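So you can see what is in the structure, the chains are spelled out below.
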Amino acid sequence: MKILMVSAEAVPFAKTGGLADAVSAMSLALAKLGHDVRIVLPRYYKIDRKKLSLVPGALGVAAGQEEAWVGVYETTLSDASKESPCVRVYFIDHEKAFGRDGVYGTKSESDFHDNPYRFALLCHGAFQVCRKLGWFPDIVHAHDWSACLAPVLLKHVIRCGDFAKTASVLTIHNLGYQGQYAKDSFPALGVDWNLYYGAGFERNGALNLLQAGISCADMITTVSPTYAREIQTVEGGFGMDGLLRVRSDVVRGILNGADIATWNPKTDKLLPAQYDASSLAGKAVCKRALQERLALPVRDDVPIVGMVGRLVDQKGVAEVFAPTYGSLYRMCTQMDVQFAILGSGEAWCENEIHELQSKLPNMRAIIGYDEEVSHLIEAGSDFFLMPSRYEPCGLNQMYSLLYGTLPIVRNTGGLADTVENYNEETGEGTGFMFNSLTPNAVFDTVGWAVYAYYNKKAHIKAMQLRGMKKDFSWEQSARAYEVVYKEALFRGCGV
């Protein structure tokens, strides 16, 4: 099949989160299966034109209320092995829309006011690029709210002529982000006003891009089976649950894969020692290196709990770090344990971590992001804490399992699909799980893991080895997408 990915981000070109990793890895996995996969992205300010090839001739794009002229650049994307087929990547170049720092916004302007226009340029431009190349896809695969105009255009505007046999798939990477703007932003999309209601943009008198995408896509996927069920509930639906239940016959949950070329303790060059399931000696070296790197007391006999990620409400940070009721202070003062933390996010949380660090000798943190330290925490920790309020897929728990680090997670989304809860009678499982997100639940579950570390060493070792043998490759996910694409073609085009 010919597959066009439309996304606001993809590594290594632009990244704000896991969406970027997923788009590139999915594309490469599908290319490896023999499909002709291409990606269309905006050319943001930080993507150097000098490293790209110009596609000759300007391109007219009918976003907004008058035609805009954009440039098109291209390059190729390949995996670390350089053995898989390359994926062609095209960039829509428009200085006014994309010539700025930030993908969706900046610290001073968290959400650019003209995002509807910016991403309308991306979606209209994606189809124009196809016309320019004379390459017409079987599938247009839109990723998250910023690409949701693509399935709308396909259904209501251009599913004719060269696109008559093109179907659309929308992947919801995180339902919490929907692209909601004032109604007066609608003209920026470059479509007729009758689609404001007709395509499902209208929500509570405003514009909701994700709602329109859900309404119009031929097939809808999410990034884990459990999350596909959760988003159809009042609790997890962010107001979209009713619409998603109406469209439940086309909703599928496909677990993201992990980048096992980068995240492999046997070959990870960022670690002071490599290791695998046949010998965990290198993991002990990494543990000591982590303690030295973060100025924790160097002890082989104490468990380390690692945390890496965004310090935002979705990740359950209040239940861990909040003053007066967060569980971290109690865990550090009532358990013989160490904490190693890497992340950035909400200012109150960063400030509280600094305050806790000044009081607790067994807790150390780096505010920000450091790729080498993130690998060291995954390898050197004994446990990895992810108390997420919701987690569409999650990658760190997969990395943890592959590195022999046992996840401590809330029973939600992709965490529920990848971690098997410890059975202290049989020793089965790959991690420790809790249901309700409360400070006490976090405290008790970390306490349960620490107890097992000191008293059930054979169980801990068996769980580590079981996790390290898991298959989180993208191939099985890509094959599941093949099935979805075929169904999209049948539903959308009758082929």
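Structural data are supplied above this passage.
## Some details on the sheet that holds strand β7 (residues 167-172)
Reasoning step 1: Ordered by their spatial adjacency, 9 strands build an open sheet running β3-β4-β5-β2-β1-β6-β7-β11-β12, and the pairing between neighbours is mixed. Each edge of the open sheet carries a strand with a single partner, namely β3 (53-61) and β12 (251-253). In this sheet, neighbouring strand axes are inclined to one another by 25° on average, regardless of whether the strands run parallel or antiparallel.
Reasoning step 2: Taken strand by strand, helix α18 (residues 474-493) contacts β1 (2-6), β6 (139-143), β7, β11 (219-222) and β12, and its axis lies near 130° from that of β7.

## Some remarks on the sheet that holds strand β9 (residues 202-203)
Reasoning step 1: The strand order β8-β10-β9 describes an open sheet built from 3 strands, whose pairing is antiparallel. In this open sheet, the two strands that pair with only one neighbour each are β8 (180-181) and β9.
Reasoning step 2: Relative to strand β10 (residues 206-208), β8 runs antiparallel, the two being bridged by 2 bridges. Along β10, the bridge assignment pairs Gln 180 with Asn 208.

## Comments concerning the pattern of salt bridges
Reasoning step 1: Overall, the coordinates contain 25 salt bridges when judged by the stated rule.
Reasoning step 2: Across the salt bridge formed by Lys 15 and Asp 21, the nearest N and O atoms sit 2.9 Å from each other.
Reasoning step 3: Two residues, Arg 288 and Asp 300, come together in a salt bridge whose shortest N-O distance is 3.4 Å. Residue Arg 288 is located in helix α9 (residues 281-293), and its partner Asp 300 is located in the loop between α9 and β13 (304-311); the two are separated by 12 residues in the primary sequence.
Reasoning step 4: Among the charged side chains, a network of salt bridges with common partners joins Arg 43, Arg 49, Asp 93 and Glu 95.

## Some words on the packing of aromatic side chains
Reasoning step 1: By the definition in use, this model includes 23 aromatic pairs.
Reasoning step 2: For the ring pair Tyr 104 and Trp 145, a centre distance of 5.8 Å and an interplane angle of 45° mean the geometry is tilted. One end of the pair, Tyr 104, is in the loop between α2 (95-98) and α3 (115-133); the other, Trp 145, is in the loop between β6 and α4 (149-158), with 41 residues separating them in the sequence. For the pair Tyr 104 and Trp 145, a shared accessibility class is recorded, and that class is buried.
Reasoning step 3: With a centroid separation of 5.5 Å and 70° between ring planes, the pair formed by Phe 186 and Phe 201 is classed as edge-to-face. Placement of Phe 186 in the loop between β8 and α5 (194-198) and of Phe 201 in the loop between α5 and β9 is noted, with a sequence separation of 15 residues between them.
Reasoning step 4: Judged by its relative accessible area of 0%, Phe 201 is buried.
Reasoning step 5: Taken together, the ring pairs connect Phe 383, Tyr 422, Phe 432, Trp 448, Tyr 453 and Tyr 454 into an aromatic cluster.
Reasoning step 6: Directly above the aromatic system of Phe 443 lies the positively charged group of Arg 330, at a separation of 4.4 Å from the ring centroid.

## Section: the environment of Phe 119
Reasoning step 1: Looking at where Phe 119 falls in the secondary structure, it is placed in helix α3.
Reasoning step 2: A relative accessible area of 2% places Phe 119 in the buried class.
Reasoning step 3: For the pair Phe 119 and Asp 471, spaced 352 residues apart in sequence, the C-alpha to C-alpha distance is 35 Å.
Reasoning step 4: Once residues within four sequence positions are removed from consideration, Phe 119 is found in contact with Ala 8, Tyr 44, Val 103, Tyr 104, Trp 145 and Ser 146.

## Some thoughts on the layout of surface pockets
Empty pockets left among the atoms are what a rolling probe the size of a water molecule brings to light.
Reasoning step 1: By volume, the second largest pocket is sized at about 320 Å³.
Reasoning step 2: Along the wall of the second largest pocket there are 15 residues; nearest its centre are Lys 283, Lys 287, Asp 382, Tyr 453 and Gln 464.
Reasoning step 3: When residues of the lining of the second largest pocket are traced back to their parent elements, those giving at least two are α9, α13 (371-380) and α17 (457-468).
Reasoning step 4: Looking at the lining of the second largest pocket, its residues break down into 5 nonpolar, 3 polar and 7 charged.

Definitions and limits used
- Residues numbered from 1 in each chain as written.
- Predicted model: local features only at pLDDT ≥ 70, side-chain atom pairs only at ≥ 80, totals over all residues.
- Heavy atoms only, no water.
- Pairing = 2+ DSSP bridges.
- Helix = DSSP H or I, 4+ residues; strand = E, 2+ residues; numbered from the N terminus.
- Axes fitted to C-alpha atoms, helices over the stretch in contact; angles between N-to-C directions.
- Contact = heavy atoms within 4.5 Å.
- Salt bridge = Lys/Arg side-chain N within 4 Å of Asp/Glu carboxyl O.
- Phe/Tyr/Trp six-rings, centres within 6.5 Å; stacked < 30°, edge-to-face > 60°.
- Buried < 20%, exposed > 50% of the residue type's maximum accessible area, 1.4 Å probe, protein only.
- Lys NZ or Arg CZ within 6 Å of the ring centre and 35° of its normal.
- 1 Å grid on protein atoms, 1.4 Å probe; cavity = no way out; pocket = protein on both sides within 12 Å on 5 of 7 lines; lining within 4 Å.
- Points joined across faces, edges and corners; volume = space filled by probe spheres on them.
- Nonpolar A, V, L, I, M, F, W, Y, C, P; charged D, E, K, R; others polar.

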